[in-house]
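# Structure assessment
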Amino acid sequence: QIERNLCYRSEDNVMQVQGEAIVENNVIVGSAGAGLASTDHQGKTSSLRVIHNTIIARSRGVNLSSWNGRSEMVLANNAIYTDGGEAIRFPNGSDRVQVAGNVILGRVVGVSRGYAFGADLSDFTEVSWDASNRDVRPSKDSVLLGRGVFKYSVEHDYLGETRFGNPSSGAVSSPSR
């Protein structure tokens, strides 16, 4: 399990995951490459659950090159924002992939379901593209609030707080007070 990491200001792909992992409640801000990349490398990509992460990337949010037709692949309840790039990229398609409850800012390749569009970085308390600000709690009027899908929700968020009611998308469940 890859959980509750804060990664920022990477000049490459931040997380690269091939298979048999749960990637949840991570915060990735200010990456020049993909926030999360997944492709066949030393075997076939399989059994990946990417759930409740917040990814703020300059060019590409998630690049899921070899997910098409694979079993047990889930991309759910994430906040994936890009500065004009591709938020979600399935260059070879997304058949059999469970995609649900994501909120994105940016273009989409290879999938037409499982996401809603966010407004801009004002959906967060105080975050910036260059990661000089990294407070990814949803703002009080954020599109992220209540956009997650209960089926893929996890009990606690990135801050260790219990998620209540209809889950929010992203790593942090509650707005700042």
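Read on for an overview of the structure. Source: prediction; values computed, not measured.

### A word on the overall build of the protein chain
The helix and strand tally for the protein chain stands at 0 helices and 16 strands. The globule rule puts the C-alpha radius of gyration for 177 residues at 16 Å, and the 14 Å found for the protein chain is close to it. Oriented by its inertia axes, the alpha-carbon framework of the protein chain measures out at about 45 × 35 × 30 Å. Expressed as a percentage of the 177 residues in the protein chain, the buried residues total 50%. Relative to all contacts within the protein chain whose residues are 6 or more apart in sequence, the contacts with residues 24 or more apart total 56%. Summed over its atoms, the accessible surface of the protein chain is roughly 7900 Å², and 43% of this surface lies on carbon and sulfur atoms. With 18 positive and 19 negative side-chain charges, the protein chain shows a spacing of 4 Å between the two charge centroids.

### Section: the nonpolar core
Soluble globular proteins: nonpolar side chains tend toward being buried together. Leu 36, Val 62, Trp 67, Leu 75, Ile 80, Ile 88 and Phe 90 are the most contacted members of the largest nonpolar core, which has 23 residues in total. Sorting the residues of this core by element identifies β4 (19-24), β7 (46-51), β8 (54-57), β9 (60-64), β10 (73-76) and β11 (79-89) as the ones contributing at least two each. With 3 residues, the single largest contributor to this core is β11. In this structure Ile 80 touches Ile 55, Gly 61, Val 62, Leu 75, Ala 87, Ile 88, Val 103, Ile 104 and Leu 105, once residues within four positions along its chain are discounted.

### Considering unusual backbone geometry
One non-glycine residue with positive phi stands out, namely Arg 4, at about 55°. What makes Arg 4 partly exposed here is its relative accessible area of 37%.

### Some details on the sheet that holds strand β1 (residues 2-3)
Taken together, 5 strands build an open sheet; the order of strands is β1-β4-β7-β10-β12 and the sheet is parallel. Whereas interior strands pair on both sides, the edge strands pair on one side only; in this sheet they are β1 and β12 (98-100). Here 3 bridges tie β10 to β12, and the two strands are oriented parallel to one another. When the bridges of β12 are listed, Val 74 appears paired with Gln 98.

### Some remarks on the side chain of Arg 70
Looking at where Arg 70 falls in the secondary structure, it is placed in the loop between β9 and β10. A residue is classified by how much of its surface remains accessible, and Arg 70, at 16% relative accessible area, is buried. A polar contact of 3.0 Å, which involves the side chain of Arg 70, links it to the backbone oxygen of Thr 45. Once residues lying within four places of it in the same chain are set aside, the contact partners of Arg 70 are Asp 40, Lys 44, Thr 45, Asp 95 and Arg 96.

### Quick word on the packing of aromatic side chains
Counted by the stated rule, this structure contains 3 aromatic pairs. With a centroid separation of 6.1 Å and an interplanar angle of 65°, the aromatic rings of Trp 67 and Phe 90 are classed as edge-to-face. Taken together, the residues Trp 67 in the loop between β9 and β10 and Phe 90 in the loop between β11 and β12 connect sequence positions 23 residues apart. Across this residue pair, the class does not change: Trp 67 and Phe 90 are buried. Note on Tyr 81 and Phe 124: the rings are 4.9 Å apart at their centroids and 70° apart in plane angle, and the pair reads as edge-to-face. Placement of the pair is Tyr 81 in strand β11 and Phe 124 in strand β15 (residues 124-127), with a sequence separation of 43 residues. You can call Phe 124 buried: its relative accessible area is 3%. A cation over a ring is seen here: Arg 134 above Tyr 8, with NZ or CZ 3.9 Å from the ring centre.

Quick notes on the rules
Residues numbered from 1 in each chain as written. Predicted model: local features only at pLDDT ≥ 70, side-chain atom pairs only at ≥ 80, totals over all residues. Heavy atoms only, no water. Helix = DSSP H or I, 4+ residues; strand = E, 2+ residues; numbered from the N terminus. Rg over C-alpha atoms; globule rule 2.2 N^0.38 Å. Buried < 20%, exposed > 50% of the residue type's maximum accessible area, 1.4 Å probe, protein only. Contact = heavy atoms within 4.5 Å. Areas by Shrake-Rupley, 256 points an atom, 1.4 Å probe, with all protein chains shown as cover. Lys, Arg positive; Asp, Glu negative; His and termini not counted. Charge placed at Lys NZ, Arg CZ, Asp CG, Glu CD. Core = buried A, V, L, I, M, F, W, Y, C linked by side-chain atoms within 4.5 Å. Pairing = 2+ DSSP bridges. Polar contact = N/O pair within 3.5 Å; in protein donor to acceptor, adjacent residues only side chain to side chain. Phe/Tyr/Trp six-rings, centres within 6.5 Å; stacked < 30°, edge-to-face > 60°. Lys NZ or Arg CZ within 6 Å of the ring centre and 35° of its normal.

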